[in-house]
Amino acid sequence: VLVACLVACAFAEHPAPGRVVELTSENFDSVLNGDLPAVVEFYATWCPHCKKFKTEYEGVAADLGSDFVVARVDGDKYDKLSDSFQITGYPTVKFLKKGTKGVEAAKAEEYEGSMKKGSLEQWLKSNSQTSATTQHIQMLHLQPELENLIAVPGRCYRAEKALYSGN
């Protein structure tokens, strides 16, 4: 019984260690409550870049999911959440430092590097350790993938939905 209580308490503090949490309007505030740093991917089901990034992002959850809340939002389905984070295209990854709640969208930092697991993990680790007063995104660690910084990462813009979804 004691072990079961300890396990229940551990999972109560972290919504899904090692897994990606699907965010909705209903669970958004409770999951992104500021207890842990959080990374949130805004995606669209019709976006080919999002489909390609899905496995990479799930790998981030497997590697860092006990120290971070790793979550995603279907930006089309929950367009008000996308609007509050000023999402213009998919996939877009936002980072909330520990102590920052989901409702504080203006404090979220946007990831602008390669949509590769290793690059995103390095960026998360470096940004989670920087001071809360630091306002500039630390991107120095991306130097090994310089070619990905020069190239524009693949992104589908919200207005392009009809091109990819057959509508």
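Residues numbered from 1 in each chain as written. Predicted model: local features only at pLDDT ≥ 70, side-chain atom pairs only at ≥ 80, totals over all residues. Heavy atoms only, no water.

(A) Spotlight on unusual backbone geometry. With omega at -10°, the peptide bond leading from Y90 into P91 counts as cis. Within the secondary structure, P91 is located in the loop between β4 (89-90) and β5 (92-96). Of note, the phi angle at Q86 is positive, near 55°, even though the residue is not glycine. Along the chain, Q86 falls in the loop between α4 (79-84) and β4. You can call Q86 exposed: its relative accessible area is 65%. (Helix = DSSP H or I, 4+ residues; strand = E, 2+ residues; numbered from the N terminus. Buried < 20%, exposed > 50% of the residue type's maximum accessible area, 1.4 Å probe, protein only.)

(B) Just the nonpolar core, in detail. Counting residues in hydrophobic clusters, the biggest one holds 26 residues, and the most contacted among them are L23, L32, F42, V73, F85 and Y90. Those elements that place two or more of their residues in this core are β1 (21-23), α2 (28-31), β2 (38-43) and β3 (69-74). Discounting residues that sit within four places of it in the chain, L23 has contacts with F28, V31, L32, V40, A71, R72, V73 and Y78. Ranked by size, the runner-up nonpolar core spans 16 residues in total, among them Y57, V60, F68 and F95. (Core = buried A, V, L, I, M, F, W, Y, C linked by side-chain atoms within 4.5 Å. Contact = heavy atoms within 4.5 Å.)

The values reported here are purely geometric and, on their own, carry no functional implication.
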